Structure formats: C-alpha cells, structure tokens
Amino acid sequence: MLKQILAKLPRKLSKSNLVDSAGSNTSSSNTTDVGNGFQFTNSCNVISSRLNVVKRMSSSIFPASITTGVEMIEPHIPFSDVSNSDKQNLFVSKLNLCCSLYDFSDPDKNTSEKDLKRRILMELVDFLASDSAKFSESTISAMCKMCANNLFRDFPPKYPSHYSRGESEDEEPSFDPAWSHLQLVYDILLRFLNYGSLDAKVAKKYLDHSFILRLLNLFESEDPRERDGLKSILHRVYGKFMVHRPFIRMAVSNIILRFVFETERHNGIAELLEIFGSVISGFALPLKKEHKMFLFRALIPLHKPKSVGIYHHQLTYCVVQFIEKEPKLVGNVIQGLLRYWPVTSSQKELMFLSELEELLEMISMEEFEKIMVPLFRRIGCCLSSYHFQVAERAHFLCNNEHILYLIMHNRQVIMPLIFSALEQNTQKHWNQAVLNLTQNVRKMFSEMDQELILECKGKFEEQNSMSSVIAERRRLTWERLENAAGPLPNISGPLEAATWVAAC
C-alpha cells in the first residue's frame, strides 16, 4: 500500500534525465528501448547542435575561487565568434588554459600543445590591446594565477666559478628556451597593469606582497630579455599600487644588502637600479629619513663589490638624483665613496674618479671645505699612480672649471697635499703623457700663486733631505749590526745530521 502511494508521487529529474528529455524532444531516434533501460546513441550531437558555436564547459576543472558565478566557455573559440556578453567568460577560460606548463628543454615534446598555448596567448594579447576587456575580481584572480604559474619558477644554482668575472668583463648571455611563451605572458601582464579601468583596490588583493617578492626574485634570471621586461612591470606596479611602495623599497634594499655583504652574485642589480633612478626622481622634498637611509645603507655600499662595473652607470645616476634632491648630502656621499675606494683595482679607480667629478660639480663651498683634506690626499695618490690611465684621469679633474675654482679658493690647504705627487711625477714617472699633464698642472698652479708653489717646493726639498738622512742612518745601523754579528759560518760543506732526543 505504501509503495503504491510513493509511486504516484512526482519524481525529481536528474541532470542527465533533463539532457535526455531535451534530446528526445529534438529527435525521436536518439533513444531506443532495451529491456528496462535506455540506450543513448546521439546525445552529444544533440547538445552541441543546441548550443551552436558557444560550447559550455564543466567548471569543475577551474578553482572555485575563480569560477564562482562565472559560466566557462570552450577556450579554443576565437573572440570574434562569441557575443560581447560572453567575451569576458571566454577570456577567463583562455587564461585558465594557459596555466598549463610544458617542458621546453626538449623541442620535440608536446609540440602541438605548445603551439596551441602560444596561439591562445597571442589572442589574449590582441584582446587586451583592443580595450574591450573588463576586469572583475574573478578575472583579476585568473590573470594573476596564470602569470604566477608561468613566470614564477626556481633558477638553477649559481656556482662561484661562474661569477668569477671582473668588474667590466662581459659574459655570454644565457637565453631561456621558454621565452616564446614567457614574452607573451610578460606582455599580457604589462597590458593588464596599464589598463585604465583596472581597480587597484581589488587588484592589490591578488598582487600582494608575496606576488611582489616572487616577481623580484625573477631578476635573478640570466636571460637579459626577461630582466628587461621585468623592469617595465615592476615600475608599473610601483606607480599603480601606492600601498606597496614602502614594501618594494624595503625588498629591494634587502636584495642589495644580501648582494653586497653575502653573495656578491646577482644578475639584476643594474635593472633594479635603473628602476630606482626614476623612483628617486619622484621623491618629495624634504627627503624622508627612510630615503636617506636607502642612500647610505644600500646605494653607497654597492661601490664595494668587484662587479661594480656592470651597474656603475646606473648607480651613479641614482646617487646624482639624490644629490639633486638635497645638495647637502654630497659631503657624506663623498666620504662614503672614499671609504670604499679601491686600492688594488685600477679599473674601479677610474670609475670612482669619474663619479667623483660628477659629485664635485654639484658641491657647495661649505660642503667642500668639510671633506677637502681626506679627498685630496686620495687624489694625490691617484696623481702619482703608476697606472697611467688613473694618473691621467686624476689630472683631468684639475681641468674642470668648478673643481679648479674650489681648489683656487682653498689652495693654502690643497696645494701642500698634492704638490709632492706632482713633483715626484716630474722626476720619475715612466709615462710621457702623464709627465706632460703634470707640467701643465704645475704651470697652472704657478700662475695661480707663485709664492705658494715656491713654499711647497721648499718643504718638499726639505722632506727629501730628511728622508735621505733617515735612509743613511738606517743603512749605517744595519752595517753595524752585520759587523757585530761577525762573518757568517761556512755552510757549503756537508751537514752532519743532528740527533735529537725527545723526552717523553
């Protein structure tokens, strides 16, 4: 009795039954009775014919956080074949398809899948270029996921022998075999960040600190094309997300400090400094304490590594930007430069002298007087350097009008510091070009203050005579010691073996 009552109640149709009933209404030949069951012969064709071009996909292959409320579309369909209302869903579908990764070390592996992914990536680039994209939260999430899957990866370890190059030696660049895909992903990410309709408040939830740190780690790439693309992206992130700016500055400072004091190995220091050159130019005045600390704790120590020649141009630009913002910093910067002045590397000395000239062109008389004594002691050593290029570059400083003006107003202090180096050059320097430069500088100083030059020359001769007296005393002392010690024993004959008894 109970079974009869339940049998009369209406039953809820399952999803498959709904599809089957729809198919039976379309064609009566879709089903055939077989005993108590049903045999489905052409249901897939019925469904596809009803949906025409737009094919719906199961959302179970996408993360729920991305596809919530979004109806996925077959990603292989071109954007031109769907309506405007479906383009955003198709955009997300294509993004999710591009999350698949392939091995590019073997060019013959998964060739069809690689070609398909590249075609989809190019379609995404064109779609973003058309300015028809609208970035909802689900779209932003899918975009960040696709970029993270393709870009964030571990690089092979770096061995010290691989980084034994000098400060100006160039290495053969290493190119990533997956660049054909990576280039398109970087282009997509950059166009995404440049989109005017992108809501930064929503995007910062996905472009968070973790994303930025992993983005900064990509500057370790040995492929210069990738590092060049990262420059534009990091600069755009810094400009669009103001909330992340302090974190980016701190993260870059940590990278620099680790490079200077721990590893001395990093591929992207030049690119990071190039980004910060434009960042520093945008600092508001007066400079914050945090910005000054970045100058003295990160930029100045970057003069220490042997590989400074790789990024010295960008480093000098950053330092000059700080001085233009606040000229009073130049004295402390020059003191920091003297602290890291190279002693055994002539190539680094040439770079330091070039940077020093740029800084001295910006210095005021007040700041110059604070650092002129240690500064010209160092310049005096460079004037008498046996490396002719270093000596020439140091002499060229005196040809700079502003530096010559500073020397002229402080000649009573500076002349005695450098005169001995000039006089030694005239007496014994081996390079004729350096001798000619020394004579020109001496002539210029003589015209500036003849009496001071004569006074310095008298002191130099007096010091030379005192040095000769001290050297003679030392020779006589050693001679007396040798006579007191007596003649050396004759050790030309065979030596008898001495027997040593060790007491335990």
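Everything discussed here concerns the structure shown above.
My aim in this report is to walk through the structure given alongside it, one point at a time. (Residues numbered from 1 in each chain as written. Predicted model: local features only at pLDDT ≥ 70, side-chain atom pairs only at ≥ 80, totals over all residues. Heavy atoms only, no water.)

With 17 residues, helix α11 (residues 224–240) ought to run about 24 Å at 1.5 Å a step, and its terminal C-alpha atoms sit 25 Å apart, in line with that. All of the buried residues along α11 are E226, R227, L230, K231, I233, L234, V237, Y238 and K240. (Helix = DSSP H or I, 4+ residues; strand = E, 2+ residues; numbered from the N terminus. Expected span 1.5 Å × (residues − 1). Buried < 20%, exposed > 50% of the residue type's maximum accessible area, 1.4 Å probe, protein only.)

What follows covers unusual backbone geometry. At the junction of L285 and P286, the peptide bond is cis and its omega measures out at -5 degrees in the coordinates. Tracing the backbone shows P286 in the loop between α13 (269–281) and α14 (289–299). In this structure, N110 takes a positive phi of about 55 degrees despite not being glycine. Along the chain, N110 falls in the loop between α5 (84–97) and α6 (111–129). Among the residues examined, N110 registers a relative accessible area of 29% and is labelled partly exposed. A positive phi angle, close to 55 degrees, is found at E264, a residue other than glycine. Relative to the helices and strands, E264 is located in the loop between α12 (245–263) and α13.

Moving on, we get to the packing of aromatic side chains. For the structure on display, the rule yields 14 aromatic pairs. Measuring from centroid to centroid gives 6.2 Å for W179 and Y186, while their planes differ by 40 degrees, and the two rings are tilted. Pair check on accessibility: W179 and Y186 agree, each one buried. Here the aromatic rings of W341 and F352 are separated by 5.4 Å at their centres, their planes lie at 80 degrees, and the arrangement is edge-to-face. Here W341 is found in the loop between α16 (330–339) and α17 (346–360), whereas its partner F352 is found in helix α17, with 11 residues between them in sequence. Like W341, the residue F352 is buried in the burial classification. Ring pairs connect the aromatic residues F79, F91, F127, F135, F192 and Y195, which therefore count as one cluster. (Phe/Tyr/Trp six-rings, centres within 6.5 Å; stacked < 30°, edge-to-face > 60°.)

In short, geometric facts, not functional conclusions.
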